[in-house]
Amino acid sequence: MTTELEFMIAGELYNAADPHLSQMRGRAHALCERYSRTPESDTKERADLIAELLPHMAGSGYVAGPIYVDYGDFITIGKRFYANFDLTILDVCPVHIGDNVMFGPHVSVVTPVHPLRWQDRNIRESADGDEFDYEYGAPITIEDNCWLATNVTVTGGVTIGEGSVIGAGSVVTHDIPANSFAAGVPCKVIRGIDDSDAMQMPKRVRER
């Protein structure tokens with residue numbers, strides 16, 4: 001028998017009030033709260049909490065906090081991830097984030113989708129009197145070396161190609177090709193990024 005969790009991860013309509021899913025969300029939300037109120041100076045406690053909340057994040061990642069996720073188990077994050085303040089990832093479907101990805105403040109990565117018709121979307125009542133609704137989701141992929149500036153929202157079903165930059169305040173509703181600068185509501189490609197954008201980097205710090 002297919003579980004509501006399996007329906008959810010597959011991107012099919014599922015009952016969000018399922019007891020197992022509610023328990024999983026409750027655990028993740030409690031970890032988010034603990035992480036968000038733990039001082040940055042308490043590096044060990046923060047490292048332990050973020051490893052429990054995001055078990056599939058590679059080493060050397062940093063999340064400033066506060067952070068809000070639905071489950072955490074369905075988020076995969078590569079090496080050297082950086083997220084500034086107020087990160088939201090709603091992972092009712094898988095979220096894949098590559099290596100060397102940077103998020104500005106207030107970035108939201110949201111996989112959930114709700115039916116358009118109110119007749120399908122509204123809260124329902126089960127035979128035993130409990131309230132629930134049906135929703136679904138679509139996965140999100142953010143490939144290596146991307147930068148999402150402040151207040152960017154990425155919606156379900158989107159892939160952002162490697163090396164792309166998303167401008168502040170954008171709402172990404174469609175795929176963005178690799179090595180693009182894209183911005184706007186809805187987000188659109190403004191131009192490509194190439195060697196003409198190279199900067200003369202300082203040499204004050206010795207590098208390997």
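Structure shown above.
Here we summarise the structure given alongside this text. (Residues numbered from 1 in each chain as written. Predicted model: local features only at pLDDT ≥ 70, side-chain atom pairs only at ≥ 80, totals over all residues. Heavy atoms only, no water.)

1. What about the nonpolar core?
Judged by nonpolar contacts, the single largest core of 37 residues is most densely connected at I67, F81, F103, I142, L148 and I160. When contributions to this core are tallied by element, the ones reaching two or more residues are α2 (19–36), α3 (43–53), β3 (67–69), β4 (75–77), β6 (87–90), β7 (95–97) and β14 (140–142). Once residues within four sequence positions are removed from consideration, L148 is found in contact with M102, F103, G104, V107, I142, V154, I160 and I166. Counting eight residues, the second largest nonpolar core, distinct from the first, contains A16, L21, M24 and Y71. (Core = buried A, V, L, I, M, F, W, Y, C linked by side-chain atoms within 4.5 Å. Buried < 20%, exposed > 50% of the residue type's maximum accessible area, 1.4 Å probe, protein only. Helix = DSSP H or I, 4+ residues; strand = E, 2+ residues; numbered from the N terminus. Contact = heavy atoms within 4.5 Å.)

2. A short note on the packing of aromatic side chains
For the structure on display, the rule yields four aromatic pairs. Ring geometry for Y62 against Y82: centres 5.7 Å apart, planes inclined by 15°, an arrangement best described as stacked. Of the two residues, Y62 sits in strand β2 (residues 62–63) while Y82 sits in strand β5 (residues 82–83), which places them 20 residues apart along the sequence. Owing to a relative accessible area of 30%, Y82 belongs among the partly exposed residues under this scheme. Taking 5.3 Å as the distance between ring centres and 90° as the angle between the ring planes, the aromatic pair formed by F132 and Y134 counts as edge-to-face. (Phe/Tyr/Trp six-rings, centres within 6.5 Å; stacked < 30°, edge-to-face > 60°.)

3. A word on the pattern of salt bridges
Tallying each qualifying case throughout the model produces five salt bridges. Among the ionic pairs, E52 bridges to R27, the shortest N-O distance being 3.8 Å. In this pair, E52 sits in helix α3 while R27 sits in helix α2, placing the two residues 25 residues apart along the sequence. For E52, a relative accessible area of 39% translates into the label partly exposed. Residue classification places R27 among the partly exposed positions, given a relative accessible area of 36%. (Salt bridge = Lys/Arg side-chain N within 4 Å of Asp/Glu carboxyl O.)

4. So, α2
With 18 residues, α2 ought to run about 26 Å at 1.5 Å a step, and its terminal C-alpha atoms sit 26 Å apart, in line with that. Residues of α2 that are buried sit in contact with α1 (4–9), β1 (14–15), α3, β2 and β3. Backbone nitrogen of H20 and a side-chain oxygen of the N-cap are separated by 3.2 Å at the start of α2; the cap is D18. (Expected span 1.5 Å × (residues − 1). Polar contact = N/O pair within 3.5 Å; in protein donor to acceptor, adjacent residues only side chain to side chain.)

5. Focus: α3
Two residues of an α-helix separated by three or four positions point the same way, owing to the 3.6 residues in each turn. The complete set of buried residues in α3 reads R46, L49, I50 and L53. Along α3, the residues classed as buried sweep out an arc of 95° about the axis, all on the same side. If you follow the buried residues of α3, they end up packed against α2, β2 and β3. (Arc of directions from axis to C-beta.)

6. Description of the sheet that holds strand β9 (residues 108–110)
On the basis of which strands lie adjacent, the open sheet formed by five strands has the order β3-β6-β9-β16-β19 and parallel pairing. Edge positions in the sheet fall to β3 and β19 (171–172), since each has one partner strand and no second. One ladder, built from three bridges, connects β9 with strand β16 (residues 153–155); its direction is parallel. Bridge pairing in β16 links S108 to T153. (Pairing = 2+ DSSP bridges.)

Take it as geometry only, folks, not as evidence of what the structure does.
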